[in-house]
Amino acid sequence: MNRTVSPLLHDYKPAKDPKGKSIRPIQWFAVGLGLPLLGVALVLSVKSTPVDHPSKSVAAAGANAELRPIGSQIASEPVLILADDHDAGGAVHEFHPPLFPSPSEFDSIHLTVRSGDTLDRLFRKNQLDLGHLAMITRLPEAGARLRMLRPGDELEIEHDNGKLVRLYRKLDLTSALVVSRNDDGFKAEVIDRPIEIHRRRAYGRIDSSLFESANSAGLSDKLIMNLAGIFAWDVDFVLDIRTGDDYFILYEEIYQDGKYVTDGEIVAAEFNNNGRTFQAIRFADKGGRSDYYTPDGRSVRKAFVRAPVDFSRISSSFNPRRRHPVLNTIRAHKGVDYAAPSGTPIKAAGDGKVVFRGVSGGYGNAVILQHGGNITTLYAHMSKFSATAKIGQRIKQGQIIGYVGSTGLATAAHLHYEYRLNGVHRNPRTVELPQADPINEAYKEDFLAAVQPILDDLLQYKRTQIATASL
Ligand SMILES: [Zn+2]
């Protein structure tokens, strides 16, 4: 492939270090006037890069991208601003210092659990008092939480010549166990570990594959899978993706003790695919249900997804420039073929019931699902079936029903997928799919009010991308 530098650029921030080391700024830039939400912004210089399709203004935006805080009207200087604004919900997330402030008067050990390790073994290896170990594992709050060690778990221990002073174990993202010495022996408690949520913006332009665009933009696989998950009902991420497709994302990053931990939820996103634009906004109603909706309150979900294969296994090495031979085969028969490595999971396109599972002539190993509305879907050439996909079994959308293979009349491993309405074959890629329920009327007003500032933010971000690109 004769690509120049990817027009996707590292367009909004430096790649983050998964170990949580702080991002190394090239230059710190304090933003004061008019940006009350913003503490500090990171400024990087960005080189202008040639773009494959300069005629398409949105596509060109990737060539000189920037990230701007909410409310910023500045749109021209060639800098990349990394904004660290707090979430628009107005929540204030306080900074919490590390649990064990250093320097401490005691020695501390940081232990990482390896396969086969027990607490007893770790205590012996580090010459820690085994009598103290026996005491702390008898504490009701601590016992079970200490016995269940998994490889990779981490423990922090403070001791005084082997005498245990304090032990700290992270339990999950928001809680930890602390065992500390007191006058009567030891006490154990589970403490909260508050998180900070930072809102971020990202832009990506697809040059060869969705995953490559994400990598170029420094986005995590988790984030890009979530993005694909949001639009999976409208976009077939195996066959629909085109060079020049792009996306804008507002999302959350979770920080703890001042360090990046993981990506949080996508707040809103726009995906531009081959001339079509899809938008989705996350909304949590008062009933505790959260989901993604279009700006006018329709669910992004449908009764069927477009692509019933685990596309992450395919598109990671997917090159759209070689896609046409695959597309051409669509006309040859009444289904869609997804070329995929043997063993790639095949997922039910919609909720349904298994009405056929077995060998059927040229289809080889095949499964047929019966759905509501007199719709059936068929999945052929499987290498094997999922154990749960038995005849008569109810299957949920997205549940694995089998694995890609080349049984029956197939020259190479692929999934052959058919969609029938009232017994008549329809093109699974273009057939109008039954809609999921729209937003509950009781929440519609809340939704529209909540969504507007988020949409404005997304559009503002998009405009700055385009404005910068057209300079
Ligand atoms: Zn086929």
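Above: the structure in question.
Calculation criteria
Residues numbered from 1 in each chain as written. Predicted model: local features only at pLDDT ≥ 70, side-chain atom pairs only at ≥ 80, totals over all residues. Heavy atoms only, no water. Helix = DSSP H or I, 4+ residues; strand = E, 2+ residues; numbered from the N terminus. Buried < 20%, exposed > 50% of the residue type's maximum accessible area, 1.4 Å probe, protein only. Contact = heavy atoms within 4.5 Å. Areas by Shrake-Rupley, 256 points an atom, 1.4 Å probe, with all protein chains shown as cover. Pairing = 2+ DSSP bridges. Core = buried A, V, L, I, M, F, W, Y, C linked by side-chain atoms within 4.5 Å. Axes fitted to C-alpha atoms, helices over the stretch in contact; angles between N-to-C directions. Polar contact = N/O pair within 3.5 Å; in protein donor to acceptor, adjacent residues only side chain to side chain. Phe/Tyr/Trp six-rings, centres within 6.5 Å; stacked < 30°, edge-to-face > 60°.

Participant: Can you explain the overall build of the protein chain? Please cite residues and give values.
Facilitator: Looking only at helices and strands, one finds nine helices and 23 strands in the protein chain. Counting the 471 residues in the protein chain, one finds 50% classified as buried. Once local pairs closer than 6 in sequence are excluded, the contacts in the protein chain between residues at least 24 apart make up 67%. For the protein chain, the computed accessible surface area is about 22,900 Å², with 53% contributed by carbon and sulfur atoms.

Participant: How would you summarise the pairing of strand β21 (residues 400–403) if you had to cite specific residues and measurements?
Facilitator: Pairing between strand β15 (residues 345–347) and β21: three bridges, direction antiparallel. By the bridge assignment for β21, Lys347 is matched with Ile400.

Participant: Give me the pairing of strand β12 (residues 276–284): which residues, what numbers.
Facilitator: When strand β11 (residues 259–273) meets β12, the two strands line up antiparallel, connected through six bridges. What sits directly across from Ala268, in β12, is Ile281. Here β11 hands over to β12 after two residues, with Asn274 in that stretch at a positive phi of 55°.

Participant: So what about the nonpolar core? Which residues, and what values?
Facilitator: Judged by nonpolar contacts, the single largest core of 57 residues is most densely connected at Leu219, Phe231, Tyr247, Phe271, Tyr379 and Ile401. It is helix α6 (residues 221–231) that provides the largest number of residues to this core, a total of six residues. If you look at the next biggest cluster of nonpolar residues, it comprises 21 residues, including Val113, Leu122, Phe123 and Val179.

Participant: Which residues make up the sheet that holds strand β7 (residues 175–182), and what values do they have?
Facilitator: Taking strand neighbours across the sheet as the criterion, the five strands line up as β4-β5-β6-β7-β8 in an open arrangement whose pairing is antiparallel. The outermost strands of the open sheet, each flanked by one partner alone, are β4 (107–112) and β8 (185–192). Sheet twist, expressed as the average angle between the axes of neighbouring strands with direction ignored, equals 20°. As paired elements, strand β5 (residues 154–160) and strand β6 (residues 163–172) share six bridges and run antiparallel to each other. Its bridge partner lying in β6, Glu156 is registered against Tyr168.

Participant: Lay out the side chain of Thr377 in plain terms, naming residues and giving numbers.
Facilitator: By the element assignment, Thr377 lies in strand β18 (residues 375–382). There is a polar contact of 2.8 Å between the side chain of Thr377 and the side chain of Tyr379. Ignoring sequence-local partners within four residues, the contact set of Thr377 consists of Phe304, Val367, Ile368, Leu369, His371, Tyr417, Glu418 and Tyr419.

Participant: Kindly report on the packing of aromatic side chains, identifying the contributing residues and their values.
Facilitator: Overall, the coordinates contain 10 aromatic pairs when judged by the stated rule. The interplanar angle of 45° and the centroid separation of 6.0 Å between the aromatic rings of Phe231 and Phe271 together place this pair among those described as tilted. Pair noted here: Phe231 is in helix α6 and Phe271 is in strand β11, with a separation of 40 residues, a long-range link. There is no split in this pair, since Phe231 and Phe271 are both buried.

The values are spatial; any link to function lies outside them.
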